[in-house]
Amino acid sequence: DGMALGNMIASHTHITRLALNSNFLTGQGVASLFRGVLENSKEGGQLADIDLAWNGFGNSNALGAAVAISKVLAESATLYHLDLSYNGLDAASCATIGEGLKDNHYLYG
């Protein structure tokens, strides 16, 4: 689940890529995951690529996930690729994620 993944990512600073597409993660799970990603970044982690496509978390606590993703985008200097495609995110969630992108000069795609 997302909480276990977040806890694992927080303490494993040598992980560079997460391929978690099509895993049916919920919004709550994605929020927990990204809290771990943020901690990883603060600890000097090297996580640069996260694929969360096709999880459908837009149907379950999408805004909570968007807030956590936005914080990572605002604070991480190592994340250069994030795939959130096909998750059914609504306009409010997209706007929240967009706030995190305002001053992000590291994400390429």
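Throughout this document, residue positions are counted from 1 along each chain, in the order its sequence is written. Reporting in this predicted model follows two pLDDT cut-offs: at least 70 for local features of residues, and 80 or more for side-chain atom pairs to be given and counted; totals over whole chains, interfaces and linings ignore these cut-offs and use all residues. Side-chain metrics rest on all non-hydrogen atoms present in the structure, leaving aside hydrogens and water.

**Student:** Could you clarify how one ought to interpret the overall build of the protein chain in this entry?
**Tutor:** From N to C terminus, the protein chain includes four helices and three strands. The globule rule is 2.2 Å times the number of residues to the power 0.38, and the radius of gyration it is compared with is taken over C-alpha atoms. Radius of gyration (C-alpha) of the protein chain: 12 Å, near the 13 Å computed for a compact globule of 109 residues. Here's how the labels work: a residue is buried when its accessible area is under 20% of the maximum for its type, exposed when over 50%, partly exposed in between, all with a 1.4 Å probe on protein chains only. When burial is assessed residue by residue, the protein chain has 43% of its 109 residues classed as buried. Contacts: residue pairs with any heavy atoms within 4.5 Å of one another. Taking as baseline every contact in the protein chain between residues at least 6 positions apart, the subset at least 24 positions apart corresponds to 85%. Of the roughly 5,700 Å² of accessible surface on the protein chain, 53% is carried by carbon and sulfur atoms. We treat Lys and Arg as the positive residues and Asp and Glu as the negative residues; His and chain ends play no part in the count. Here the site of a charge means NZ on Lys, CZ on Arg, CG on Asp, or CD on Glu. On the protein chain, the mean spot of the 5 positive side-chain charges and the mean spot of the 10 negative ones are 4 Å from each other. Comment: elements are numbered from the N terminus, with helices defined as DSSP H or I runs of at least four residues and strands as E runs of at least two. The Shrake-Rupley method, run with a 1.4 Å probe, gives the accessible areas here. Residue values count only the displayed protein chains as cover.

**Student:** Mind showing me how you'd approach the packing of helix α3 (residues 62-75) against helix α4 (residues 91-101) here?
**Tutor:** Packed helices, taken two at a time, are described by the angle between their axes plus the distance between the axes. An axis is simply a line fitted to the C-alpha atoms; with a helix, the fit covers only the stretch in contact. Between two such axes, the angle follows the N-to-C directions and lies from 0 to 180 degrees. Closest axis-to-axis distance for the α3/α4 pair is 7 Å, and the angle between their directions is 10°. By the angle class used here, α3 and α4 are roughly parallel. Seen from α3, the contacting residues are Ala-62, Leu-63, Ala-66, Val-67, Ile-69, Ser-70, Leu-73 and Ala-74; seen from α4, they are Ala-92, Ser-93, Thr-96, Ile-97, Glu-99, Gly-100 and Leu-101. Residue type decides the class: Asp, Glu, Lys and Arg count as charged, Ala, Val, Leu, Ile, Met, Phe, Trp, Tyr, Cys and Pro as nonpolar, and the leftover types, Gly among them, as polar. In the contact of α3 with α4, the residues fall into ten nonpolar, four polar and one charged. Reported orientations rely on four angle classes, namely roughly parallel under 35 degrees, roughly antiparallel over 145, roughly perpendicular from 65 to 115, and oblique for the rest.

**Student:** Quick question: what am I supposed to make of the sheet that holds strand β2 (residues 49-51) here?
**Tutor:** Sheets are built from strands that pair by backbone hydrogen bonding, the pairs being arranged parallel or antiparallel. Think of it this way: DSSP has to see at least two bridges between two strands before they count as a pair. Taken together, three strands build an open sheet; the order of strands is β1-β2-β3 and the sheet is parallel. Each having just a single partner strand, β1 (17-19) and β3 (81-83) make up the two edges of the open sheet. Neighbour-to-neighbour, the strand axes of this sheet turn through a mean angle of 5°, independent of strand direction.

**Student:** Teacher, can you tell me more about the environment of Ile-69 here?
**Tutor:** Among the structural elements, Ile-69 can be located in helix α3. A residue is classified by how much of its surface remains accessible, and Ile-69, at 0% relative accessible area, is buried. When the C-alpha positions of Ile-69 and Val-37 are compared, they lie 9.0 Å apart, and in sequence the two are 32 residues distant. Excluding residues within four positions of it along the chain, Ile-69 makes contact with Val-30, Phe-34, Phe-57, Leu-82, Leu-84 and Ile-97.

**Student:** Even after reading the chapter, I still don't get the pattern of salt bridges, so can you show me in this structure?
**Tutor:** Pairing between side chains of opposite charge can happen when their charged atoms approach one another. Any carboxyl oxygen of Asp or Glu within 4 Å of a side-chain nitrogen of Lys or Arg constitutes a salt bridge here. The full count for this structure, using the stated rule, is three salt bridges. With a closest N to O distance of 2.8 Å, Arg-17 and Asp-49 form a salt bridge. Here the residue Arg-17 occupies a position in strand β1, and Asp-49 occupies one in strand β2, the gap between them amounting to 32 residues. Residue classification places Arg-17 among the partly exposed positions, given a relative accessible area of 46%. Put simply, Glu-75 and Lys-42 hold a salt bridge, and the shortest N to O gap is 3.9 Å. Here Glu-75 is found in helix α3, whereas its partner Lys-42 is found in helix α2 (residues 27-42), with 33 residues between them in sequence. Overall, the relative accessible area of 46% leaves Glu-75 in the partly exposed class.

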